[in-house]
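Structure assessment
If you want the building blocks of each chain, they are given just below.
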Amino acid sequence: WLARNRSKPGRDSGLDTWVLHATSAWTRQHLDMPKEQVIEHLHGAFAEMIGCAVPAPAFTLAHRWLYAKPAVAHQWGALADVDLGLYACGDWCLSGRVEGAWLSGQEAARKLLEHRL
Ligand SMILES: Cc1cc2nc3c(=O)[nH]c(=O)nc-3n(C[C@H](O)[C@H](O)[C@H](O)COP(=O)(O)OP(=O)(O)OC[C@H]3O[C@@H](n4cnc5c(N)ncnc54)[C@H](O)[C@@H]3O)c2cc1C
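Along each chain, residue indices are assigned from 1 in the same order as the chain's sequence is written. Reporting in this predicted model follows two pLDDT cut-offs: at least 70 for local features of residues, and 80 or more for side-chain atom pairs to be given and counted; totals over whole chains, interfaces and linings ignore these cut-offs and use all residues. In computing side-chain values, all of the structure's heavy atoms are included and hydrogens and water are not.

**Some remarks on the overall build of the protein**
Formally: Counting from the N terminus, the helices are DSSP H or I runs at least four residues long and the strands are E runs at least two residues long. Our radius of gyration looks at C-alpha atoms and nothing else; its globule reference is 2.2 Å times the residue count to the power 0.38. Any residue under 20% of the maximum accessible area for its type is buried, any over 50% is exposed, and the rest in between are partly exposed; the area is computed with a 1.4 Å probe on protein chains only. Should any heavy atoms of two residues lie within 4.5 Å, those residues are considered in contact. Here, Shrake-Rupley sampling with a 1.4 Å probe gives the accessible areas, and only protein chains in the shown set may cover a residue. Here Asp and Glu are counted as negative and Lys and Arg as positive; His is not counted, and neither are the chain ends. Working definition for charges: the position is that of NZ of Lys, CZ of Arg, CG of Asp or CD of Glu.
Scanning the protein from terminus to terminus reveals three helices and four strands. Each helix and strand of the protein, ordered N terminal to C terminal, gives the series β-β-α-α-β-β-α. Taking 117 residues into account, the globule formula puts the C-alpha radius of gyration at 13 Å, and the protein, at 19 Å, lies well above it. Expressed along its principal axes, the backbone C-alpha trace of the protein runs to roughly 55 × 35 × 20 Å. Among the 117 residues that make up the protein, the fraction classed as buried is 15%. Counted over contacts in the protein with a minimum sequence separation of 6, partners at least 24 positions apart contribute 28%. Working note: accessible area of the protein is about 9,200 Å², and carbon and sulfur atoms make up 59% of it. Computing the positive centroid from 12 side-chain charges and the negative centroid from 12, the protein places the two 2 Å apart.

Following this line, the structure appears as structure tokens:
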């Protein structure tokens, strides 16, 4: 998973900055790999994926983020017990990313409004 940070609204467009996430499976297999090697590996995989030589980065940072994603991917949207008036939403209901959090919040709001009408 790749994100080009400078394409996000309000970011400094002077530097080209990228966030590269390894897959959960790859990370599980390489939990104890030194940071420098992880950077080297992801840098190579990135170049391969976009199909061109990537210049040496001016700055790199690797972070082993053990609990970044839900262990199991759910497609719950949002959870609700309308009789109790309980609604639960968040990234853990969908993708584990900000888009999932947004969609899950919308789904909870939709369920709430439906019940109130
Ligand atoms: C460093 C970092 C970088 C990220 N980068 C990206 C990215 O580039 N792209 C992307 O899509 N996603 C990214 N994410 C993931 C994204 O931030 C999350 O998926 C998203 O913020 C989840 O939103 P949420 O509303 O479900 O939960 P949260 O944003 O965690 O909101 C939960 C809120 O509930 C509050 N809370 C918790 N317990 C209580 C309580 N008992 N009482 C009251 N309030 C409580 C918390 O303070 C928090 O404000 C990143 C996350 C981190 C940490």
